[in-house]
Amino acid sequence: GELNMGKLAVGRSHEVKMALRNDGLLPATVRVEIKNPSVHFTLACRPSVTLGRGEQRTFQVRFHPRIVGDHNADLSIRTLGNEAFEDVTIQLTGAGYTDEVSWDLTEVRRPGAPGPRADEEPSLESAPPSPDDLQLGEVVIGSEVSISFKLNNNSSEAMRFEFPGG
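Residues numbered from 1 in each chain as written. Predicted model: local features only at pLDDT ≥ 70, side-chain atom pairs only at ≥ 80, totals over all residues. Heavy atoms only, no water.

Draft legend 1. Broad picture of the overall build of the chain. Across its full length, the chain holds 0 helices and 10 strands. Seen in sequence order, the chain has helices and strands lined up from the N terminus as β-β-β-β-β-β-β-β-β-β. Taking contacts inside the chain between residues at least 6 apart in sequence as the whole, the part at least 24 apart equals 67%. Split by element, the accessible area of the chain, about 11800 Å² in all, is 48% carbon and sulfur. (Helix = DSSP H or I, 4+ residues; strand = E, 2+ residues; numbered from the N terminus. Contact = heavy atoms within 4.5 Å. Areas by Shrake-Rupley, 256 points an atom, 1.4 Å probe, with all protein chains shown as cover.)

Draft legend 2. Structural context of the pattern of salt bridges. A full pass over the atoms with the stated rule returns 4 salt bridges. Here R21 ties to D23 by a salt bridge, and the two come within 2.7 Å at their closest N and O atoms. Taking relative accessible area as the criterion, D23 reaches 63% and is therefore assigned exposed. A salt bridge links R57 to E55, with the nearest nitrogen and oxygen atoms 3.0 Å apart. Overall, R57 belongs to the partly exposed group, its relative accessible area being 33%. (Salt bridge = Lys/Arg side-chain N within 4 Å of Asp/Glu carboxyl O. Buried < 20%, exposed > 50% of the residue type's maximum accessible area, 1.4 Å probe, protein only.)

Draft legend 3. Inspection of the side chain of N152 at higher detail. Tracing the sequence through the fold places N152 in strand β10 (residues 146-153). For N152, the residues in contact, after removing those within four places along its chain, are E100, V101, S102, W103 and D104.

Draft legend 4. Up close: the side chain of H40. Residue placement: H40 occurs in the loop between β3 (28-34) and β4 (41-44). Judged by its relative accessible area of 8%, H40 falls in the buried class. One polar contact links H40 to H71, side chain to side chain, over a distance of 3.3 Å. Discounting chain neighbours no more than four positions away, the residues touching H40 are R62, F63, H64, P65, R66, I67 and H71. (Polar contact = N/O pair within 3.5 Å; in protein donor to acceptor, adjacent residues only side chain to side chain.)

Draft legend 5. The arrangement of the pairing of strand β8 (residues 88-97) in detail. Most of β8 is tucked away, with 7 of its 10 residues classed as buried. Across 6 bridges, strand β1 (residues 2-9) lies against β8 in parallel orientation. Within β8, the position partnered with N4 by the bridge is T93. Relative to β8, strand β7 (residues 69-80) runs antiparallel, the two being bridged by 9 bridges. Counted as the bridge partner of H71 is G94 from β8. (Pairing = 2+ DSSP bridges.)

Draft legend 6. Up close: the sheet that holds β3. The strand order β1-β8-β7-β3-β5 describes an open sheet built from 5 strands, whose pairing is mixed. Across the chains shown, the open sheet's two edge strands, defined by having one partner strand only, are β1 and β5 (48-51). Taken pair by pair, the neighbouring strands of this sheet meet at an average axis angle of 20°, ignoring direction. (Axes fitted to C-alpha atoms, helices over the stretch in contact; angles between N-to-C directions.)

By themselves these figures say nothing about function.
Have a look at this one:
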């Protein structure tokens, strides 16, 4: 099988929770490992785990690209001491990318709502679900929402930004 972790900005991470379940009649010891280790994929679990009849355990696979490009690794799941079961290999895939320009949301404020105190972190309650989306929620006609964000120049060239006046 294959688990595509998607396209992710270099330096960010995405985690997928997986489950192992013993549907057999006897306890089973399972070894879970990444066969061709990669700095872009990590596994959060013990190398081997024993599952009783009907027992289930979860573990996490994390993709965190460190460089631009396509990345892959093989996740191996083996039942130890029982040759009747086949080994399972899941190919982990993902891509790392970087944009010349990116932005980070720092704060969304609504007029009349209390602002952060000097000792508080900015509120990110309306933070986007992904790095490419900006959701302002419901805005009543005639009211306004103020957004603070930071533009990042990720290229080696100087850039000039111009925002039209409104």
